[in-house]
Amino acid sequence: MTGLPVADRGTVRRAVGRLLRRDRRTVVLLLVLHAAAAIARLAPPWLLGVIIDRVAAGAGVATVDRLALAIVGAVVAQALLSRYAQYAGHRFGERAVAQLREEFVRSTLRLPVSVVERVGAGDLATRSSVDVSTVGSTVRDVVPTIVICTVQLALLFGAIFLLHPLLGLAALVGLPSIGVVTRWYLRRASPAYLAEGAAAADLTEALTATADGARTVEALRLADDRIAHGTTRIDRLWQARRATLALRTVFFTAVEASYPLPVAAVLLVGGYLLHTGTVALGAVVAATLYLQQAIEPLDRLLQWTEQAQRGFASYARVLGVGLVPPEPPGGAFPPGGGRLVVRGARFSYADGPDVLHGIDLDVAPGERLAVVGPSGAGKSTLARLLAGIDAPRRGSVSVGGCFVTDLDPAERRRRIALVTQEHHVFIGSLRDNLAFAAPDASDERMRAALATVGADWSAALPDGLDTLLGDGARQLGAAEAQQLALARLVLADPHTLILDEATAALDPTTARRTERALAAVLAGRTVIAIAHRLNTAHDADRVAVLEGGRITEIGSHHDLLRAGGAYAALWRSWHAEPRDTASGDTDRPHTVGRTGADR
Amino acid sequence: MPPQIPHPDPGSPNLGGPLRYLWWLVRCQPWRVLRGSLLGTAWMVGLSVRPYLVSRAVDDGLRAGDMPALTVWVAAIVAAGLGLSWLGILRHRTMTFVREDAKARSAALVLRQVARIGAVLRRRAAAGEVATVGGSDIDWTAQVLTLTGPGVGAVVAYAVVAVVLWSISPLLALCVLVGVPAVGLVVGPLLRRLDGAESVYRQHQGALTARCGDIVAGLRVLAGVGGRDLFARRYAARSQQLRAEGYRVGAVASWIDAATLAIPGLFLAAVVWLGARMTVTGEISVGELVAVYGYVATLIVPVWFLLEGSHQFIRGRVAARRIIDLLTLTPDDVGGPRGGGQRPSRGVPGRASGPGTVPDARRPEPAPARPADLHDPVTGLTVHAGRLTAVAADDPADAVALADRLGRYVVSDVTWGGRPLSGRPLDEVRARILVAEQESYIFAGTLREVLRTRPGTGDERITEALRAASAEDVVDALPAGLDTPVDARARMLSGGQRQRVRLARALLAEPEVLILVDPTSAVDAHTEARIAERLRSARAGRTTLVLATSPLLLGRADTVAHLRAGRIVSTGTHLDLFHRDPDYRALVDRDSADEPAEPYRGHP
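Residues numbered from 1 in each chain as written. Chains lettered and ligands numbered in written order. Predicted model: local features only at pLDDT ≥ 70, side-chain atom pairs only at ≥ 80, totals over all residues.

Draft legend 1. Region of the structure containing the overall build of chain A. Helices and strands together make up the secondary structure of chain A, namely 19 helices and twelve strands. Relative to a compact globule of 599 residues, whose C-alpha radius of gyration would be 25 Å, chain A shows 35 Å and is clearly more extended. Taken along its principal axes, the extent of the C-alpha atoms in chain A is 120 × 55 × 50 Å. A burial count over chain A gives 50% of its 599 residues as buried. In chain A, of all internal contacts separated by at least 6 residues, the share reaching a separation of at least 24 is 77%. (Helix = DSSP H or I, 4+ residues; strand = E, 2+ residues; numbered from the N terminus. Rg over C-alpha atoms; globule rule 2.2 N^0.38 Å. Buried ≥ 20, exposed ≤ 12 C-beta atoms within 10 Å, placed from the backbone. Contact = placed C-beta atoms within 7 Å.)

Draft legend 2. Region of interest: unusual backbone geometry. Omega for the peptide link from isoleucine 5 of chain B to proline 6 of chain B comes to -5°, which places this bond in the cis form. Relative to the helices and strands, proline 6 of chain B is located in the segment before helix H1 (18-27). Unlike most non-glycine residues, aspartate 493 of chain A shows phi in positive territory, near 45°. When you line up the elements, aspartate 493 of chain A lands in the loop between helix H15 (478-492) and strand E9 (496-500). Look at aspartate 493 of chain A and you get partly exposed, because 18 C-beta atoms sit within 10 Å. Not every positive phi belongs to a glycine, and glutamate 510 of chain B is a case in point at roughly 45°. Along the chain, glutamate 510 of chain B falls in the loop between helix H17 (495-508) and strand E9 (513-517).

Draft legend 3. Spatial organisation of helix H2 (residues 30-47) of chain B. All names here are of chain B. Taking 1.5 Å of rise per residue, 18 residues should cover 26 Å, and H2 covers 26 Å from first to last C-alpha, within 8% of that figure. All of the buried residues along H2 are Arg32, Val33, Gly36, Ser37, Leu39, Gly40, Thr41, Trp43, Met44, Val45, Gly46 and Leu47. Looking at the buried positions of H2, the neighbouring elements they touch are H1, helix H3 (49-63), helix H4 (67-117), helix H7 (150-168) and helix H11 (286-327). (Expected span 1.5 Å × (residues − 1).)

Draft legend 4. Spotlight on the interface of chain A and chain B. Opposite the 134 residues of chain A that make contact, chain B presents 134 residues. Looking at the side of chain A that touches chain B residue by residue, the classes come out as 74 nonpolar, 34 polar and 26 charged. (Nonpolar A, V, L, I, M, F, W, Y, C, P; charged D, E, K, R; others polar.)

Draft legend 5. Quick peek at the packing of helix H9 (residues 260-276) of chain A against H3 of chain B. Remark: H9 of chain A packs on H3 of chain B, axes separated minimally by 11 Å, with the N-to-C direction vectors making an angle of 15°. In this view, H9 of chain A runs roughly parallel relative to H3 of chain B, as classed from their interaxial angle. As for how H9 of chain A packs across H3 of chain B, the hand of that crossing is right-handed. Residues Val263, Leu267, Gly270, Gly271 and Leu274 of chain A of H9 of chain A form the contact with H3 of chain B, whose participating residues are Val54, Ala57, Gly61 and Leu62 of chain B. In terms of residue class, the contact of H9 of chain A with H3 of chain B is made up of six nonpolar, three polar and no charged. (Axes fitted to C-alpha atoms, helices over the stretch in contact; angles between N-to-C directions. Parallel < 35°, antiparallel > 145°, perpendicular 65-115°, else oblique. Left-handed = near helix turned anticlockwise from the far one by under 90°.)

Draft legend 6. Expanded view of the sheet that holds strand E4 (residues 394-399) of chain A. All names here are of chain A. With antiparallel pairing, four strands are arranged side by side in an open sheet as E2-E1-E4-E5. Each end of this open sheet is capped by a strand with a single partner; those strands are strand E2 (354-363) and strand E5 (402-403). In this structure, strand E1 (residues 340-348) lies alongside E2, joined through seven bridges in antiparallel fashion. In the sheet register, valine 341 faces E2, and the bridge partner there is aspartate 362. (Pairing = 2+ DSSP bridges.)

This is the structure in C-alpha cells:
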C-alpha cells in the first residue's frame, strides 16, 4: 500500500517562493518596517551609553533631559513601526494561509476515488488536520517571529560592529557553540516532539474510547483490561516526554552557558580598547547592553526554528496531495444512457488474486437488477466496476457503448450514483446535506425526498431543514444517516443507481418499505441493488447470483425459483424452511438466458 | 529524581473542590515540590546577579582602568552564567517531573473512573467531554503546580532585587518596585484581551479544520453522488471569512503587541531619566545606573511569571473542577448495591433509591447457585435456564428495553431464580448475564485482543467461536489473520463483518446467560443460515435469548415468544406460532403480507 506523495525540498522551496512573490510588495514593506523598528530598538542602550559619556564629561541636567526624551521618542517610534510591520505581516500570513488551505481542499476534492481508498482515510485526515494547521501557524506566527528575530539580531550585532569592529568580533564568541548544539538539537527535536504529540493523542484516544464503550466495558467486564491498556499509554507518554526533556536538558544548558561568553569577551576587549583610548566607556557599555538585548531574540529564534522545521515538513505533505495526477477529463455521457454492458470483466486488488473471474452482464435501461451471493463473492467489487471507480483488469464495462472509466468523472458520478452502506453526514444543516446532490432542489422537493425514504424523523426536527447535523449538533444514528444518503439519491435523480447494501442499517421492515418507496420514485431508472435481504431480489426484475467471482445464475425471481438452483435453495433457507439444509448447493451452475426485457 | 510513572495506585484524591484537588497533587510529592521551590528561587535570584556583576566590571574595571579587577569580574560573569544555566536546567527538570507526576496521577484517576463507571457515561458525559479532560484539563491542572517552583522563586527574587535597589537609592527602588508590577498589571489585561480576540478566531479556525476533515471523511460519498465543486466553493467561502476575521484580529493584536512593547519601554526610559539625573548630581555612580537598567530588565521575569501564573491558576482551577466533575460521576441506579465499588472519591452523595431498589441495599442476596430462570413481569417473558429462547418483537425498541431489563441496565422487577434480580450482587449479574447489543463497542487492538475478553482464551477456542459466528472469512481476509490490528469501532470492517466479530466475542465470553439483540441483521442469507445452525450447538445446554425477527434464527429456538405492544402474546415453537398467530406470521414472514405469498414446496 503506497501512501500519498510528499513533495521534495525543491518543490516546497518553489512553493514558498511563489507565496512570497505573489505578495512581493507586502513582503518588502514588512521587511523595511521591521528593520526600522529594530533600529529604533537599538537607540535606548546607545543613548544610555551617550548619557554615561556626557555625565562623565560633566554634562548638566539639561543634556540628560534631552537624551532621556530621545529615549522616549525611540520607544514610541519602535512601537509604531513594529505595529504596522506586524499588521502587514499578519495580513500577508492570513492571505497565504487561506490560499494554502483552499488549494489543499481543491486538491483533495480532485483526488481520484481509487487513490483515496488505496491510501486510506488516516493519512489524508492527518494532512487535513495536523499538517494544514501546522503550516498555517508556521506561516502566521513562526515565520514572522523568525523574520523579526533575525532582523533584530543582525542589527544588534551590526550595531556592535559599528561601535568598534573589535567589539563586534568579540560579540560573536558565543555563536559557534550555540550553532553546534542547535544543529544537534534540530536533528532530533522534530521526531521526538512528534512522538510526544502522538503519545499524548494515544492517551486521549484510550480515555475517549473507554468512555465511548463504557457500556461494553461494563457488560464484558473489561475494566481491568482498559485500565491496563490506558496505563501503558500513560507510560508511553511519560517515556516520550522524558526523551524530549533529555534533548532540552542538553540544548538549554549549552545555549544558556554560551550567553555570558560574548559579554565577557566584549568587556575584556573593551577594557583593552578603553586603555588604548580607541573607544569611549559609553560604547563598551552600549555593546554589553546590546548583547543583553540579543538574548531575547536569540532565545526566541532558537525556540521557533524547530517549529519552522516542522512547518516545512508539514508543507511538504500538504503539497504532496496536489501532486497526485487528477482524474483525466473524459467523454460526455451518451445521450439517453443506453445499456450497461459488462464483458469478460476480471479484477484484482493490487497484485492479489482475481476477485472477479470474467463477468458478463447486460442491464437494459430502466431495469432493476438484484445481485445476491455470499460475503466475499465480489459483489461490492462488481459495484465499483459498474460505477467506474475501478477499471477491470481485463474486459470492459460500458454504458451506451462508452467505457465508463472514459467518461468525464464529474458527469459519471452525476449519472451513475453509487450508494454504499458507508455513509457520512456532513457538518452543516440538513439542507446542506441534501443540496449538494441537487443544488437547485426546492425545500418542497427535499422534504418529499426525505418522506420517500421513510425519514419521518426529519419532519420532527426543531428547525426543519435548517437543523444542524454532525459533531456537536444533532447526531444521526446509522439508520437515519442511511436514509439521508438515500434521500440525496432521490434528489440527484441519476440515470443509473448502484445500491451496495444501501439499506443494511435499517431494520428489516423499514428497509423493505423504503426500498419499495424508492422503487416507485425511481421508476424508469436503472437500478442495480446488492443486498443480503432477499426481499430486494424478490422485488427486482432479475436476480444475479454471484459466487466466487462468477455469476452462477441470472434470471427473474420466479425463473430462478423454478430452476431450483442455488438461488432457490437460498430463498428457501432464508425463509427458514424447516427441512432445508441451508447449505448453498451450487455445484451446478445454472445459467439462464438474458432476460433483460422479461418483466 | 524522576517520579515513578505510571503510578501503580494513584491514591485517593481530595475531591472537595478544585483547590483541595490541586493541593492533593502537591502533597503526593512534597519533597520534589520543595526541591522545585528551592531551585526556582535560586535561579530567579541568580538572574539578578549578572547585572550586578556587569555593573561592578564597568565601575571597578573599565572606569577605573583596572585590568586585573576587570578580569576578576569578567571571570565571575562567566562562572555565574555557567552556574545559572545549570540551576536553570535543574529547575526545569524538577518542575517537569512535578507536572508529569501530577498529569500521570490525574490521568490514572480518570482512566480508572471511565473504565469502572459503566453505562452511565455514554449518556451523562459525552465522550467529547472525556476527550477535553484527557486532552487539556489534565495538563492545565498540572500546569498550576509550576507556581510552586518559579512562582515561589519569583516572590523571593523580587524581594532580593528590592533590597539591592534600596541600597543604591531608596527613591529609585520605590519607583522600580511599584512600577514594574504596575506595568505588569496594565499589560496583563491587554494580553488577556488579545487572548479573547484570538480565541474567537481559533474557534472559527477549529471549525474550518473540522470542515476540511469532514470533506476528507466524506470523499467517498461525494464520489458516489457528486457535489465536489459545491464543497470546494463552500469551503473557500468559509476560508475567506476566516481570513477577514484574521485581518480584524490582526489589527487589534498588532496594537496590543505595540502597547506591550511601548509600556515597559517607556517605564524603562523614565527610570533611566531619573537615574541619569541622580548620576549628574552624584547620588549614584555610572555603574549603578547600568545596574538599575539591568535590574529593571531582570525584574520583568519574576513579575511576568507571577502574572502568567495567576492566569494559569485561573484556568487550572476551572480544569480541576471538570476533572472533579468527572471523578464524582456516580454509576446508574440499576437497583441494589453496586458490587466492587472501588470508587476513588470521597464525600459522594448516596445514590437515590429507585422503585426496584431492595430495602436493605447494604447486604445483597446471594445469586442463585446454579443456572436459573429469568422472568420479566412487564412483558410476562420467562427465559428458561439451559434453553434457547427467541423473542420476536413488533417494535424493535421493545426488544431493546427488554434486554436492558433482563441485563439489569435499568431498575426493574425482573426475577432471577424467583428472587428480584436487583437484589443480587451486581458484579455477579454482570459476570453471569451478558447482553450483546448491536452497537457494542469494539476497542482498537489486534483481532485476537478484540475477541479475547477473558485471559487464557486459546486460539482454538477463538477459532471455534469464529466458526460459530460464521466469521472465519473475516479472519481469512485480513492480511495477518488474528494478529491484524483493528481500529476502534472496527471501521475497517464491513457492517456484516463487524456484527459477526461482535457475536464471536460474546460467545467467547461464555456467559451463563447470553442475550443477543438482532445478531444477524447485517449478514447475508447464506451466512445467517449458518449462524442460526451453529449458534444452537455453540450454546447447547446454556441459557440463550435471541431477540430477532429472522425466521432462520427463530426456527432454531426451543421456544419462541411474540412480543406485541409490550406484552408476550403467544409462546411456542416457530412453526407453532407461524400457524396460529397471524400477527407473528406477518412479522416474521419475509414475504411481506401485501404480496401474494409465494407458493413453494413445503411452506409451513
